[in-house]
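# Observations on the three-dimensional arrangement
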Amino acid sequence: KREELKHLRPDGTAYPRALDPGLLDTFDNPAPERSYRIRFKTEEVTSLGPVTDQPDFYRVTVDYVPDRRCLESKSLKLYFVSFRNAGLFAESMANRILYDLSAACSPRWMKVHCRMNPRGGIALDVTAQAGELPALAGDSSERDADVKT
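Now for a look at the structure at hand. (Residues numbered from 1 in each chain as written. Predicted model: local features only at pLDDT ≥ 70, side-chain atom pairs only at ≥ 80, totals over all residues. Heavy atoms only, no water.)

## Comments concerning the packing of aromatic side chains
Each aromatic ring pair is specified by the distance between its two centres and by the angle formed by the two planes. For the structure shown, the criterion picks out 3 aromatic pairs. With a centroid separation of 6.3 Å and 15° between ring planes, the pair formed by Phe40 and Tyr64 is classed as stacked. Of this pair, Phe40 sits in strand β2 (residues 38-48) while Tyr64 sits in strand β3 (residues 55-65), placing them 24 residues apart in sequence. Comparing Phe40 with Tyr64, the two get one shared label, buried. Their ring planes at 85° and their centres at 5.2 Å tell us that Tyr79 and Phe83 sit as a pair that is edge-to-face. What links up through ring pairs into an aromatic cluster is the set Tyr79, Phe80 and Phe83. (Phe/Tyr/Trp six-rings, centres within 6.5 Å; stacked < 30°, edge-to-face > 60°. Helix = DSSP H or I, 4+ residues; strand = E, 2+ residues; numbered from the N terminus. Buried < 20%, exposed > 50% of the residue type's maximum accessible area, 1.4 Å probe, protein only.)

## Quick look at the nonpolar core
One finds Val60, Val62, Tyr64, Phe80, Ile97, Leu101 and Met110 to be the most contacted residues of the largest nonpolar core, which totals 29 residues. Listing elements by their share of this core, those giving two or more residues are β2, β3, β4 (69-71), α1 (73-81), α2 (90-105), β5 (109-119) and β6 (122-130). Sort the elements by how many residues they give to this core and α2 lands first, with 7 residues. (Core = buried A, V, L, I, M, F, W, Y, C linked by side-chain atoms within 4.5 Å.)

## Structural notes on the pattern of salt bridges
Pairing between side chains becomes possible if they bear opposite charge and their charged atoms approach one another. Scanning all chains against the criterion turns up 6 salt bridges. Asp67 is the partner of Arg108 in a salt bridge, and the nearest nitrogen-oxygen pair spans 3.4 Å. Taken as a pair, Arg108 in the loop between α2 and β5 and Asp67 in the loop between β3 and β4 lie far apart in primary sequence, 41 residues in all. Given a relative accessible area of 26%, Arg108 falls into the partly exposed group. Of the residues examined, Asp67 reaches a relative accessible area of 28% and is grouped as partly exposed. We note a salt bridge from Asp125 to Arg115, for which the minimum N-O separation is 2.6 Å. Separated by 10 residues along the polypeptide, Asp125 in strand β6 and Arg115 in strand β5 bring together distant segments of the chain. (Salt bridge = Lys/Arg side-chain N within 4 Å of Asp/Glu carboxyl O.)

## Some details on the environment of Ile97
In this structure, Ile97 sits in helix α2. The class of Ile97 is buried, set by a relative accessible area of 0%. With 37 residues separating them in the primary sequence, Ile97 and Val60 have C-alpha atoms 9.7 Å apart. Setting aside residues no more than four positions away along its own chain, Ile97 makes contact with Val60, Val62, Tyr79, Phe80, Phe83, Val112 and Cys114. (Contact = heavy atoms within 4.5 Å.)

By themselves these figures say nothing about function.
This is the structure:
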C-alpha cells in the first residue's frame, strides 16, 4: 500500500507564502528496529531580519535518527521555503526548525545547524539539539564526533 503524500505528485507544486509546519509530510520508517542517521542539507533557506526586514540567507543541516516516522524531502523543501517572509533571528530559526521537525516525526535524536551567510563581516552559526544520539551500528566514534556541516 502506497502512502498518500501531500506534496509529492505530478500536478504541480503550490509554494507557501507564510511559515507553515503543516507542510511537513512523513512516512513509515522502513527499518525502525535499527538506529541510523539521516541528513538533509540545503543552502537555499531565506528569512527576513526581524528588525531590518533585510533578507538573511542560510545553510541548514538537519541530522536525525528516526523512530517510527521519516521526513519526506519535498515537504521539507516546501517547509523551508515557508520561512521566506518570516522575520526571525537565527537563534529562533534553528530552534523553530528543531521544534517543528521533532513534532512532525518524533525522532530518537535530532540536531539542526543553521549557518547564516556573513553580514557586515560576521558569520553566525546556531545549533539546536533534542535527545541523545544513540549508538549507530558499526561506528562507536559517531557519538563523540562533531558533525561537519
